[in-house]
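# A structural walkthrough
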Amino acid sequence: MVGVRAVVVERFGEAAEVREVGDPGAPPGGVVVRVAATGLCRSDWHGWMGHDDGITLPHVPGHELAGEIVAVDAAVRDWRVGARVTVPFVCACGRCAACARGDQQVCERQQQPGFTHWGSFAEYVALHRADTNLVAVPDDMSYVTAASLGCRFATAYRAVVAQGGVRPGEWVAVHGCGGVGLSAVMVAVAGGARVVAVDTAPGALELARRFGAAVCVDPAAVGGDTAGAVRAATGGGAHLSLDALGSAVTCAASVAGLRARGRHVQVGLLPAGGVAVPMDRVVALELELLGSHGMAAHAYPELMRQVAAGALRPDLLVGAVIGLDAAPAALAALSGGSPAGITVIEPGRAA
Ligand SMILES: [Zn+2]
Ligand SMILES: [Zn+2]
């Protein structure tokens, strides 16, 4: 394995280049995976722009991956060369207090491919703590579909089901219908909820409607009073509401669109230092404010069962599938907004 092709960021915010880098090698307790598919996510764009303090240059982005194990460190117990795998974007240490509680998604010593170390916009990627973090990909699930699970789909699943506690018949508002928002629409509908989808892009709302959203709201069409529109559509406010974009505006609108005792789940990343939240409503209506940060590997089986049963269709979220050479331009294009659906890179694909 000499000469691994990868997307390399040399300077924040400047065009990345595709070139050969060194063989990653399996870290202690880890594996090397031949990357078959890797999703392009807004988090990669934040990293490329220099918004993430943990990244040192040069850097290889990419954290939503699926592929085949090609090398295994001697300390790995459960995994062999040839296995089809994916990982949560939070790779846990397996040893800290959070991990001991089963909360690997908030591990105290977590690693994130494409952030704390070189990621999967490459032909091969090294992954840490294989026994804690790897998830088997069923033979009948394509790598392109599996690549969407580790970040956006699993995050949406945990946000709606575990953190949000969705119940049949409830109204769920989803603010922001990019990859994670559309995933949340699909998960909430599968859970028997009625969904209000909010986005400024007609294409995103069209997909939300196709995935079962009962009501679509374009903030511009309601004079910017998104929360009012959600309260009107839901007979007084959503039971559960997600900010799936991550902005001061969508966060505040999500909280303000809830009914009494409603739950807000923050999914989209927000800048350090925080944003203004209508805390007067939080007190008066006894609202709950929750965060959601990926999903631990041990929680995947139930998600995988629902995918296998056809109740959840992450494959329908995939938009463009591109080669490695097209990745730098696709990354830079996120400065101008998100494409409809999830863009997936196949590093082995001919240019
Ligand atoms: Zn992601
Ligand atoms: Zn840990």
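Each chain carries its own residue numbering, running from 1 in the written order of its sequence. Lettering for chains starts from A, numbering for ligands starts from 1, and both go in the order in which the items are written. For a predicted model such as this one, the threshold for reporting local features is a pLDDT of at least 70, and the threshold for listing and counting side-chain atom pairs is 80 or more; totals across whole chains, interfaces and linings nevertheless cover every residue. Derived side-chain values reflect all non-hydrogen atoms in the structure, with water molecules and hydrogen atoms excluded from consideration.

When DSSP locates at least two bridges between a pair of strands, those strands are taken to pair. Per the convention used, a helix needs a DSSP run of H or I reaching at least four residues, while a strand needs a run of E reaching at least two, with both numbered from the N terminus. In this structure, strand S11 (residues 238–243) lies alongside strand S12 (residues 258–266), joined through five bridges in parallel fashion. Each bridged residue has a counterpart across the sheet, and for Leu240 the counterpart in S12 is Arg263. For the crossover from S11 across helix H9 (residues 248–256) to S12, the handedness is right-handed. Across four bridges, the pairing between S12 and strand S13 (residues 288–291) is parallel. Note that in S13 the partner of Val265 across the bridge is Leu290. Think of it like this: strands point away, you trace from the first strand over the helix to the second, and a clockwise trace means the crossover is right-handed.

To continue, consider the environment of Pro202. Looking at the secondary structure, you find Pro202 in helix H7 (residues 202–210). Residues Pro202 and Asp218, 16 residues apart in the sequence, show an inter-C-alpha distance of 7.8 Å.

Taken together, the six strands give an open sheet; going across it, the order is S10-S9-S8-S11-S12-S13, and neighbouring strands pair in parallel fashion. One side of each edge strand has no neighbouring strand; the edge strands of this open sheet are strand S10 (215–217) and S13. On average, adjacent strands in this sheet sit at an angle of 20 degrees to one another, irrespective of strand direction. In terms of strand pairing, strand S9 (residues 194–198) meets S10 through three bridges, oriented parallel. What sits directly across from Ala197, in S10, is Cys216. On top of the sheet, helix H8 (residues 226–233) reaches strand S8 (171–175), S9, S10 and S11; it is set at about 160 degrees to S8, its chief contact. Throughout, an axis means a line fitted to C-alpha atoms (over the contacting stretch in the case of helices), and angles, computed between N-to-C directions, take values from 0 to 180 degrees. Throughout, a contact is declared for two residues whenever any of their heavy atoms are within 4.5 Å.

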